[in-house]
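In case you want the letters, here they are:
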Amino acid sequence: MAGYHVPPLEELVEKFESLPGIGHKSAQRLAYHVLDMSQEDAESFAQAIVGAHEKIHTCKVCCNLTDGELCPVCRSDTRDKGTICVVEEPKDVFALERAGEYNGLYHVLHGAISPLSGVGPDQLRIKELLARMDASVEEVIMATNPTVEGEATAMYLSRLLKPLGVRVTRLAYGIPVGGDLEYADEVTLQRAMEGRQEL
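As the structure is a computational prediction, the values presented were derived from the model and not from experiment.

Rules used throughout
- Residues numbered from 1 in each chain as written.
- Predicted model: local features only at pLDDT ≥ 70, side-chain atom pairs only at ≥ 80, totals over all residues.
- Heavy atoms only, no water.
- Patch = residues over 30% accessible without salt bridge, like charges linked within 9 Å, V, L, I, M, F, W, Y side chains within 5 Å.
- Areas by Shrake-Rupley, 256 points an atom, 1.4 Å probe, with all protein chains shown as cover.
- Salt bridge = Lys/Arg side-chain N within 4 Å of Asp/Glu carboxyl O.
- Lys, Arg positive; Asp, Glu negative; His and termini not counted.
- Charge placed at Lys NZ, Arg CZ, Asp CG, Glu CD.
- Helix = DSSP H or I, 4+ residues; strand = E, 2+ residues; numbered from the N terminus.
- Contact = heavy atoms within 4.5 Å.
- Buried < 20%, exposed > 50% of the residue type's maximum accessible area, 1.4 Å probe, protein only.
- Pairing = 2+ DSSP bridges.
- Axes fitted to C-alpha atoms, helices over the stretch in contact; angles between N-to-C directions.
- 1 Å grid on protein atoms, 1.4 Å probe; cavity = no way out; pocket = protein on both sides within 12 Å on 5 of 7 lines; lining within 4 Å.
- Points joined across faces, edges and corners; volume = space filled by probe spheres on them.
- Nonpolar A, V, L, I, M, F, W, Y, C, P; charged D, E, K, R; others polar.
- Core = buried A, V, L, I, M, F, W, Y, C linked by side-chain atoms within 4.5 Å.
- Parallel < 35°, antiparallel > 145°, perpendicular 65-115°, else oblique.
- Left-handed = near helix turned anticlockwise from the far one by under 90°.

Student: Give me a negative patch on the surface: which residues, what numbers.
Tutor: A surface patch of like charges, here negative, comprises E10, E11, E14 and E17. The topology assignment puts E11 in helix 1 (residues 7-17).

Student: Give me the lowdown on the environment of I22, citing residues and values where you can.
Tutor: Looking at where I22 falls in the secondary structure, it is placed in the loop between helix 1 and helix 2 (24-36). When near neighbours in sequence (up to four residues on either side) are disregarded, I22 contacts F16, E17, A27 and L30.

Student: Go over the pattern of salt bridges, please, and point to the residues and values.
Tutor: For the structure shown, the criterion picks out four salt bridges. Its salt-bridge partner being K60, residue E69 comes within 2.7 Å of it at the nearest N-O pair. Across the pair, K60 and E69 agree in class, each one exposed. Between R79 and E97 there is a salt bridge whose closest N-O contact spans 2.8 Å. Note that R79 is positioned in the loop between helix 4 (72-75) and strand 3 (80-87) and E97 in helix 5 (residues 90-99), a separation of 18 residues in sequence.

Student: Any details on the sheet that holds strand 3? Residues and values, ideally.
Tutor: Pairing in this open sheet of four strands is parallel, and the strands run 4-3-5-6 from one edge to the other. Unpaired on one side and paired on the other, strand 4 (104-108) and strand 6 (167-170) mark the two borders of the sheet. Between one strand axis and the next, the sheet turns through 25 degrees on average, direction left out of account. Here strand 3 runs beside strand 5 (residues 139-142); their pairing, made up of four bridges, is parallel. Among the inter-strand pairings, I84 is bridged to a residue of strand 5, identified as V140. Against the sheet, helix 5 contacts strand 3 and strand 4, and its axis sits at roughly 155 degrees relative to strand 4.

Student: Got a sec to walk through the layout of surface pockets? Specific residues and values, please.
Tutor: Here the largest pocket defines a volume of roughly 300 Å³. As for the largest pocket, its lining consists of 14 residues, of which L96, A143, N145, P146 and L171 are closest to the centre. Residue composition of the lining of the largest pocket, grouped by class: nine nonpolar, two polar and three charged.

Student: For the environment of G150, give the residues involved together with the corresponding values.
Tutor: Following the sequence through the fold, G150 ends up in helix 7 (residues 148-161). Residues G150 and S114 lie 36 residues apart in sequence; the distance between their C-alpha atoms is 8.7 Å. Beyond its immediate stretch of four places on either side in the chain, G150 contacts E88, A112, T144, N145 and R170.

Student: How would you summarise the nonpolar core if you had to cite specific residues and measurements?
Tutor: With 30 residues, the main nonpolar core has V86, M133, V140, M142, L157 and L161 as its most contacted residues. The set of elements that each furnish at least two residues to this core consists of helix 4, strand 3, strand 4, helix 6 (126-131), strand 5 and helix 7. Among the elements that take part in this core, strand 3 stands out by supplying four residues, more than any other. Excluding its chain neighbours within four sequence positions, the residues that come into contact with M142 are V86, A154, L157, S158, L161, V168, T169, R170 and L171. If you look at the next biggest cluster of nonpolar residues, it comprises six residues, including L9, A27, A31 and V34.

Student: Please give an account of the packing of helix 1 against helix 2 that cites residues and values.
Tutor: Where helix 1 contacts helix 2, the axes come no closer than 8 Å and their chain directions differ by 125 degrees. Between helix 1 and helix 2, the angle is such that the two are oblique. For the pair helix 1 and helix 2, the sense of crossing is right-handed. Taking contact as the criterion, the partners of L9, L12, V13, F16 and E17 in helix 1 are, on helix 2, H24, A27, Q28, L30, A31, Y32, V34 and L35. Looking at side-chain class alone, the contact of helix 1 with helix 2 contains 10 nonpolar, two polar and one charged residues.

Here's what the structure looks like:
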């Protein structure tokens, strides 16, 4: 049994395993699940992947993903045009929209400055952000991740935007709701102290 292998199945497992967060066992389960699908369902699944690649591109204004010229947020007449929230990835827009507290516009950088990974400012959608700065923009909210790369990106953008007369803010972060102080790291506790508010 040691020599038993089916090349198309192995290739399918490898493709699933190449996805983020999918280990070998999960990739095998997904591959066997795909093989259990009817031919019609398998073709529909494959077409959804191909269709997404063909139809989805970046919004010409905010660089978020869309299937039209503009994303739904940029097309909306009800959004606050004076505020732009800068995020690293399109999935961050989804997370913020799910919270339902923000009603401004977005700008997606498609990454963060990371010299160790070879990602500099030129690889991000920073020029597109600067092109959006006009008299209507009052505030830019830095909602990059609270990582070394996210902090470096926020600081870099802040230095570019402040001379333009735009108010630059950073998302508050600290102890999560339901979290225990004893499990929080030093940086999280420091940020929570710095961002404390009056009750």
